Amino acid sequence: MDFLKRPPIPEDAVQYQLFLVHPDPSDAEAHERVLQQILQNILAEIAPLLMQYIWQHQPFNLRYHPEKGDVPAHLGGVTQFGDNVEDEWFIVYLLKHITQTFSDVAAVVYDNDGQFLLIEAAEHLPKWLDPDSSENRVFLFRGELHILPNRTRSGEVGWPRNSVPAVGQALEVLHSHSGSCLAKQPIRSALARRLDGYPDKIQQNFHRAHCYVPVGIAVVLSRRPDLIAPAVSAFYLRDPVDLQACRTFRKFPPDTRVLTSLKFTRCLYAQLQQQSFVPDRRSGFTLPARSHPQYRAHELGMKLAHGFEILCSKSGQSSSEKEASVSSNPLWRGFLDSLRKNGYFKVGKSFFSCYSFSSPDIQNPGQEVMNVLEDASYSLEELKNQEAHLPPEDSDAWLDISPQELERLLEERGGRGVSDGTRKTPQPDEELQEEEAGYSLIAVTKGMKNFINATSSHEGAEIPRSCLAEPFSFDPDAVTSALDRLLGSNDDELDSDDFEDDDDEKGNDVNDDEEVQNGESQEQTDAEALDNLRKYMDEMDQELQSTNIGKSFTQNNRVSLHRCSDASKSSSSATRSELVEEEMQPLDVDLNLVSNLLESLASQAGLAGPASNLLQSLGIHIPPDADQS
């Protein structure tokens, strides 16, 4: 398929494309002018959002791509988000915002997993939609998720699942039948839950902390807070060669340290905080005792200073080259005009340079640090005076998570109990009912039976949705009747029906005349085969009854084996046969199932295992084992 020819995407990167849904293919130059104008308008529209964001590795970037093969001209880009997957979802939010603002634009986004938007809504997708059939079918259009339907008959809207539409063909269907292509509400709700909180979530993802850093770093970060990300990454990914530059600290000497408040993302703060590091004695950095109230501020500042020193040691571009790369960019003038039209003229060359929408690969964060430092004027004494007026730092209690909190987060990510996109707070009575239902042993047996009876394929077993959504009900009489038929009672024998079904299949190969002539003999053969099988099964049960396998199962109204040994030795063999026959009782299927599951859970000792994973996926919660023996 065509998507197999697509260049591979790194594991920590996301790729996105913006297409005009109804382009004019006859005039390529006009098409390019329209896209370039849209690019300028997009930059001005999302600038307020991007200016307050700190990217982990690479920023959101767009540039013009000419037509190539069956892919029309478009705006596109690739962003490496590193360890912060939240960057990827912020880009999805940006694309939704762009397509909602510019109604003639449709967006496509994917990573190394493919259509990860569909992965988020996997529980609600139609059966026909899989990684093979989803190629060029999934779009963000007018702020909503759209999926080209599966066309099974001529005249229907959509595209056949066994073929991949070209991008132009898919855009034409999307433009002509956008209502039919709108994804179902559960699918859109799953995506909305993942994006819930944006754009306010940007501020919630920040963490402010006090740090003792060299004055140059404090000045740089006061003007360019986004430069903290490459510095943390440089320290986090350091090697022995990088640390050679940190023996003397020529750029940021430690004797100029000041206490300042710095803004991290939670991912950057965790990376810096969780790494143990001892500075070189020659560096001049010394740390107070761990009991010192400012120990963490000293440690964070020391690590951050190493990151900035490593960055600047790798800078090689001159300041004039950096200035020319922005001023000579043809998009710069159009970007300024778009800012004026949108009434947001608070950003300038630093924003355009930082996000480098035309050539994202030329960035040199070390040189950018040096440029900011050269242009800045500051007073060490003034910064020292500001130490007494710093805002309070944020608590980092979010770094520690309890098992209960982890369970809650996993349930939220799984969307358990949420179907309409809004999370409802359960009442105390509802919580009690859910707890009792989760601990019900009857629910365990019913959930397992539903799982076993569910239809699966070579692609894997599927969890029945009824296990998580439908209320549980139990009819004792129906269960008893079903078990009687399953185990074979005197009144109703299900096994005979099974054999008749098998014989019916065999009879399909014989013509009707032979069936009429041999009907009576066939019934006699069936009865003999059934009797022989029962005798064989009875003999096998009797042999297994005295073994460990037989003793491992629980039976209904079981008579202990020692009663047979207490019988008179002088009794006849017929009497022994009657006692053994009386001994053979139907198995208690439900009791054996629950007992084995509980034994498996106990052997896991509270850790993850097959039994707990299966029950959790079925929505069944078993309380911890209170018997520690």
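Residues numbered from 1 in each chain as written. Predicted model: local features only at pLDDT ≥ 70, side-chain atom pairs only at ≥ 80, totals over all residues. Heavy atoms only, no water.

In the nomenclature of an unreviewed UniProt entry, the protein is known as Ecdysoneless homolog (Drosophila) of Cyprinus carpio.

1. Overview of the overall build of the protein
The secondary structure content of the protein amounts to 30 helices and eight strands. When burial is assessed residue by residue, the protein has 38% of its 629 residues classed as buried. Within the protein, counting contacts between residues at least 6 apart in sequence, those at least 24 apart form 77% of the total. Total accessible area on the protein stands at roughly 36,200 Å², and carbon and sulfur atoms take up 49% of it. (Helix = DSSP H or I, 4+ residues; strand = E, 2+ residues; numbered from the N terminus. Buried < 20%, exposed > 50% of the residue type's maximum accessible area, 1.4 Å probe, protein only. Contact = heavy atoms within 4.5 Å. Areas by Shrake-Rupley, 256 points an atom, 1.4 Å probe, with all protein chains shown as cover.)

2. Brief notes about the sheet that holds strand S4 (residues 105–111)
If you walk across this open sheet you meet the six strands as S2-S3-S1-S4-S5-S6, and the pairing is antiparallel. The strands lining the two open edges of the sheet, one partner per strand, are strand S2 (63–65) and strand S6 (144–147). Geometrically, the sheet is characterised by an average inter-axis angle of 35° between neighbouring strands, direction not taken into account. Examined bridge by bridge, strand S1 (residues 13–20) and strand S3 (residues 74–80) share six bridges and lie antiparallel to one another. Of the residues in S3, the one forming a bridge with Val 14 is Thr 79. Sheet strands in contact with helix H4 (residues 167–176) are S1, S4, strand S5 (138–141) and S6, and its direction is about 50° off that of S5. (Pairing = 2+ DSSP bridges. Axes fitted to C-alpha atoms, helices over the stretch in contact; angles between N-to-C directions.)

3. Thoughts on the pairing of S4
Judged by how many residues are buried, S4 sits mostly within the fold: seven of seven residues are covered. Side chains of S4 alternate between two faces, with Val 105, Ala 107, Val 109 and Asp 111 and Ala 106, Val 108 and Tyr 110 buried alike. As defined by bridge partners, S1 adjoins S4 across seven bridges and the pair is classed as antiparallel. Bridged to Leu 18 within S4 is Ala 107. As paired strands, S4 and S5 are joined by two bridges and run antiparallel to one another. The residue of S5 that forms the bridge with Ala 106 is Phe 141.

4. Points about the environment of Lys 251
Considering the arrangement of structural elements, one finds Lys 251 in the loop between helix H10 (240–243) and strand S8 (257–265). Lys 251 gets classed as partly exposed once you look at its relative accessible area, which sits at 41%. Here the alpha-carbon distance between Lys 251 and Phe 308, two residues 57 residues apart in the chain, equals 8.7 Å.

5. Re the nonpolar core
Note that soluble globular proteins tend to have their nonpolar side chains buried in a common cluster. With 93 residues, the main nonpolar core has Phe 60, Phe 90, Phe 264 and Leu 304 as its most contacted residues. When residues no more than four places from it in sequence are discounted, the contact partners of Phe 90 are Leu 49, Leu 50, Tyr 53, Trp 55, Tyr 198 and Ile 202. If you look at the next biggest cluster of nonpolar residues, it comprises 16 residues, including Ile 9, Ala 170, Leu 174 and Cys 181. (Core = buried A, V, L, I, M, F, W, Y, C linked by side-chain atoms within 4.5 Å.)

6. Digging into the environment of Leu 118
The residue Leu 118 is located in helix H3 (residues 116–120) in this model. By relative accessible area, Leu 118 is classed as buried at 6%. C-alpha of Leu 118 to C-alpha of Arg 188: the two residues are 70 residues apart in sequence and 9.8 Å apart in space. Discounting chain neighbours no more than four positions away, the residues touching Leu 118 are Leu 125, Leu 129, Ser 134, Val 138 and Ile 147.

7. Some details on the packing of aromatic side chains
Within this structure, the stated rule accounts for 13 aromatic pairs. Between the aromatic rings of Trp 55 and Phe 90, the centroid separation amounts to 5.5 Å while the plane-to-plane angle is 45°, which identifies the pairing as tilted. Here Phe 90 lies in helix H2 (residues 86–101) and Trp 55 lies in the loop between helix H1 (28–51) and S2, a separation of 35 residues in the sequence. Exposure remark for Phe 90: the relative accessible area of 0% places this residue in the buried category. Here the aromatic rings of Trp 89 and Phe 116 are separated by 5.3 Å at their centres, their planes lie at 85°, and the arrangement is edge-to-face. With Trp 89 in helix H2 and Phe 116 in helix H3, this residue pair connects regions lying 27 residues apart in the sequence. Accessibility classification places Trp 89 together with Phe 116 in one group, the buried group. An aromatic cluster is built from Tyr 53, Trp 55, Phe 90, Tyr 93 and Tyr 198, whose rings are joined through pairwise contacts. (Phe/Tyr/Trp six-rings, centres within 6.5 Å; stacked < 30°, edge-to-face > 60°.)

8. Notes on the pattern of salt bridges
The final tally for this structure, using the stated rule, is 13 salt bridges. Here Arg 188 ties to Glu 144 by a salt bridge, and the two come within 4.0 Å at their closest N and O atoms. Highlighted residues: Arg 188 in helix H6 (residues 185–194) and Glu 144 in strand S6, separated in sequence by 44 residues. Between Arg 296 and Asp 396 there is a salt bridge, with its nearest N and O atoms 2.6 Å apart. Taken together, the residues span a long stretch of sequence, with Arg 296 in helix H12 (residues 295–313) and Asp 396 in the loop between helix H17 (380–385) and helix H18 (403–414) at a distance of 100 residues. For Arg 296, a relative accessible area of 28% gives the class partly exposed. Salt bridges sharing partners connect three or more residues here, namely Glu 86, Arg 194 and Lys 201. (Salt bridge = Lys/Arg side-chain N within 4 Å of Asp/Glu carboxyl O.)

9. So, the packing of H1 against H2
Close contact between H1 and H2 brings their axes to 11 Å; oriented N to C, the two are set at 140°. Between H1 and H2, the angle is such that the two are oblique. In the crossing of H1 with H2, the sense of the turn from one axis to the other is right-handed. On the side of H1, the interface is formed by Ile 42, Glu 45, Ile 46, Leu 49 and Leu 50, while H2 contributes Phe 90, Tyr 93, Leu 94, His 97, Ile 98 and Thr 101. The residue inventory of the contact of H1 with H2, partitioned by class, reads eight nonpolar, two polar and one charged. (Parallel < 35°, antiparallel > 145°, perpendicular 65-115°, else oblique. Left-handed = near helix turned anticlockwise from the far one by under 90°. Nonpolar A, V, L, I, M, F, W, Y, C, P; charged D, E, K, R; others polar.)

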